[in-house]
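# A closer look at the structure
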Amino acid sequence: MTRSMRRISVSLFVSLGLVVAVSLTAVPGSPSAHAAESPVGLGNAGSFAVLGAKTVTNTGPTTVSGDVGVNAGSAVTGFPPGIVSNGAIHAADTLSGLAQKDLVTAYNDAAGRTPTKTGLVALDGLTLAPGVYSGGALSLGGTLTLNGGANDVFIFQASSTLITGSGSKVLLTGGATECNVFWQVAKSATLNTDSVFVGTIMALTSVTAETRATVSGRLLARNGAVTMDANVITRPTSCATSGIATPATPVPSRARFTG
């Protein structure tokens, strides 16, 4: 083989290698063809486990870890018997007002992401990779599995309601965290009895957590109420260090309860 022929062979090998590499990493329609999603920035809303617009109402021995707030309404009822730990109640104060403004920004950000998959309705039995998933009235009657790493982001866009059935569950695998799961709901969200839910709900209207529903995330309502009944709601503490929530400037609250 002459020197010029060897040069041609090497060039062809390199070119073919590049073509193969590109085809393996950017197959149209494959998950890897989509750029990794960044988390939805919550700003001052990030310190809240529960945030309503008109009212926040609780019945029974609910425990909330994180701030509880309402704005522009001022009524937070049911604490006690409900208990707030690792946070405070912010009723129509400066911080809750800033949080509601930042919630609008976060909601619009989530709603504006380009979907990885569209047309979802029932989430039962699905195992989903990181990405943006959109549908109309989203429902969950069984188990939804979210499989990804610690920095992977899952965003759900519901153009109508979000309703979970009694005993339904969102399961995280592969190191995925509740910090990076977001639910943008164009109407209201309802978590039915004994639901085990993960992620930050940002509802345009209201959020209702029925008896004994548990949430690793946040219940945030832009225009309506948040209603709870003997729930356990825990704001993810790692979000403050992952860049999702900008630490808020402490503002004196009207009441503080610790547990």
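Residues numbered from 1 in each chain as written. Predicted model: local features only at pLDDT ≥ 70, side-chain atom pairs only at ≥ 80, totals over all residues. Heavy atoms only, no water.

### Some remarks on the overall build of the protein chain
- Of the regular secondary structure elements, the protein chain holds two helices and 21 strands.
- By residue count, 44% of the 259 residues in the protein chain fall in the buried class.
- Of the accessible surface of the protein chain, which amounts to about 11,500 Å², a share of 60% is contributed by carbon and sulfur atoms. (Helix = DSSP H or I, 4+ residues; strand = E, 2+ residues; numbered from the N terminus. Buried < 20%, exposed > 50% of the residue type's maximum accessible area, 1.4 Å probe, protein only. Areas by Shrake-Rupley, 256 points an atom, 1.4 Å probe, with all protein chains shown as cover.)

### Points about helix α2 (residues 94-111)
- Compared with the 26 Å implied by 1.5 Å per residue over 18 residues, the 26 Å span of α2 between its first and last C-alpha is a close match.
- Here α2 has its buried residues at Leu-95, Ser-96, Gly-97, Ala-99, Gln-100, Leu-103, Ala-106, Tyr-107 and Ala-110.
- Sitting at the amino-terminal end of α2 is Asp-93, which places a side-chain oxygen 3.4 Å from the backbone nitrogen of Leu-95. (Expected span 1.5 Å × (residues − 1). Polar contact = N/O pair within 3.5 Å; in protein donor to acceptor, adjacent residues only side chain to side chain.)

### Concerning the pairing of strand β10 (residues 131-140)
- Of all the ten residues making up β10, seven are buried; the element is thus mostly covered by neighbouring parts of the structure.
- Pairing of strand β8 (residues 117-122) with β10, which is carried by three bridges, proceeds in the parallel orientation. Directly across from Leu-120, in β10, lies its bridge partner Gly-135.
- In this sheet, strand β12 (residues 154-158) lies alongside β10 in parallel orientation, the contact comprising five bridges. Along β12, the bridge assignment pairs Tyr-133 with Phe-156.
- One ladder, built from three bridges, connects β10 with strand β13 (residues 162-164); its direction is parallel. Considered in β13, the bridge of Ser-139 is made with Ile-163. (Pairing = 2+ DSSP bridges.)

### Digging into the nonpolar core
- Ranked by size, the top nonpolar core spans 42 residues in total, and within it Val-50, Phe-156, Trp-183, Ile-201 and Leu-219 carry the most contacts.
- In terms of residue count, the dominant contributor to this core is strand β17 (residues 196-203) (four residues).
- Beyond its immediate stretch of four places on either side in the chain, Val-50 contacts Val-56, Val-64, Asp-67, Val-68, Gly-69, Leu-219, Leu-220, Val-226, Met-228 and Ile-233.
- Core analysis: the next-biggest nonpolar cluster, separate from the first, contains 17 residues, Val-40, Leu-51, Ala-106 and Phe-182 among them. (Core = buried A, V, L, I, M, F, W, Y, C linked by side-chain atoms within 4.5 Å. Contact = heavy atoms within 4.5 Å.)

### Details of the pattern of salt bridges
- Scanning the model with the defined rule gives three salt bridges in all.
- Arg-113 serves as the salt-bridge partner of Glu-37, at 2.7 Å between the closest nitrogen and oxygen. Of the two residues, Glu-37 sits in the loop between α1 (3-25) and β1 (48-52) while Arg-113 sits in the loop between α2 and β8, which places them 76 residues apart along the sequence.
- Arg-113 sits in the buried class, given a relative accessible area of 12%.
- The closest approach of N and O atoms between Arg-113 and Asp-109, which form a salt bridge, is 2.8 Å.
- Residue classification places Asp-109 among the partly exposed residues on the basis of a relative accessible area of 29%. (Salt bridge = Lys/Arg side-chain N within 4 Å of Asp/Glu carboxyl O.)

### Considerations on the environment of Ile-233
- With respect to the helices and strands, Ile-233 occurs in strand β21 (residues 232-234).
- Separated by 16 residues in sequence, Ile-233 and Gly-217 place their C-alpha atoms 7.0 Å apart.
- Ile-233 has contacts with Ala-49, Val-50, Thr-63, Val-64, Ser-65, Val-215, Gly-217, Leu-219 and Met-228, leaving out every residue within four places of it along the chain.

### A few points about unusual backbone geometry
- In this structure, the amide linkage connecting Asn-71 to the following residue, Ala-72, adopts the cis form with an omega of 20 degrees.
- Its location among the elements puts Ala-72 in the loop between β4 (67-70) and β5 (75-77).
- The peptide bond linking Pro-80 to Pro-81 adopts the cis configuration, its omega dihedral lying at 15 degrees.
- For Pro-81, the location among the structural elements is in the loop between β5 and β6 (83-85).
- Phi is positive for Asn-86, close to 55 degrees, though the residue is something other than glycine.
- Residues other than glycine seldom take positive phi values, yet Ala-230 does so here, at roughly 55 degrees.
- Tracing the chain through its elements places Ala-230 in the loop between β20 (226-229) and β21.

### A word on the pairing of β12
- The buried count for β12 comes to five of five residues, which makes it a mostly enclosed element.
- Neither face of β12 is open: one carries Phe-154, Phe-156 and Ala-158, the other Ile-155 and Gln-157, and all of them are buried.

### Some words on the side chain of Ser-206
- One can find Ser-206 in the loop between β17 and β18 (207-209).
- With relative accessibility at 19%, the residue Ser-206 sits in the buried group.
- Looking at Ser-206, its side chain comes within polar contact range of the main-chain nitrogen of Ala-225, at 3.0 Å.
- Apart from residues lying up to four places away in sequence, Ser-206 is in contact with Lys-187, Ser-188, Ala-189, Ala-221, Gly-224 and Ala-225.

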